[in-house]
Amino acid sequence: MLGELNRAKIFASSLKNQKGKIREKLIYLKNKYGPIALFGAGHLSVAFLSILDIHDLISFVIDDNENKKDMWM
C-alpha cells in the first residue's frame, strides 16, 4: 500500500513538469506543421486533453465511431 501511495505522490509531483514538456512540444509541432488532430473521442481522450490542459492546442478530434458523427467535443 505504501508503495502505491509513494508512486502516486511521485506521479502527482511530476505532472506539472510533464504538462509543460508536452505543451511545449505540441506548440512546436503546431507552429512547424499546422493544426493538430487527435484521433479518438472517447473518455481517455477527454481525460488527456483535460488533465494536460492542452485543449487549446488541438484543432480537431476525430473518431471512426458512426455514433459520434457530427458531434463536438
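Look up: the structure comes first, before these words.
These notes cover the structure that comes with them.

A few points about unusual backbone geometry
For residues other than glycine, phi is negative in most cases, and the peptide bonds are mostly trans. Even without a glycine there, the phi angle at Asp-53 is positive, about 55°. Locating Asp-53 in the fold gives a position in the loop between helix H2 (43-52) and strand S2 (60-62). Positioned with a positive phi, Asp-70 is a non-glycine residue whose angle comes to about 65°. Along the chain, Asp-70 falls in the segment after S2. What makes Asp-70 exposed here is its relative accessible area of 71%.

Description of the nonpolar core
Counting 8 residues, the largest nonpolar core is built from Leu-26, Ile-36, Leu-38, Leu-49, Leu-52, Ile-54, Leu-57 and Ile-58. Once residues lying within four places of it in the same chain are set aside, the contact partners of Leu-49 are Leu-38, Ile-54, His-55, Ile-58, Val-61 and Met-73.

Comments concerning the environment of Leu-38
Within the secondary structure, Leu-38 is located in strand S1 (residues 37-39). Considering only alpha carbons, one finds Leu-38 and Ile-62, 24 residues apart in sequence, at a separation of 6.3 Å. Beyond its immediate chain neighbours, meaning those up to four positions away, Leu-38 contacts Ser-45, Leu-49, Ile-58, Phe-60, Val-61 and Ile-62.

Reading the values: rules and limits
- Residues numbered from 1 in each chain as written.
- Predicted model: local features only at pLDDT ≥ 70, side-chain atom pairs only at ≥ 80, totals over all residues.
- Heavy atoms only, no water.
- Helix = DSSP H or I, 4+ residues; strand = E, 2+ residues; numbered from the N terminus.
- Buried < 20%, exposed > 50% of the residue type's maximum accessible area, 1.4 Å probe, protein only.
- Core = buried A, V, L, I, M, F, W, Y, C linked by side-chain atoms within 4.5 Å.
- Contact = heavy atoms within 4.5 Å.

Coordinates in, geometry out; function isn't part of it.
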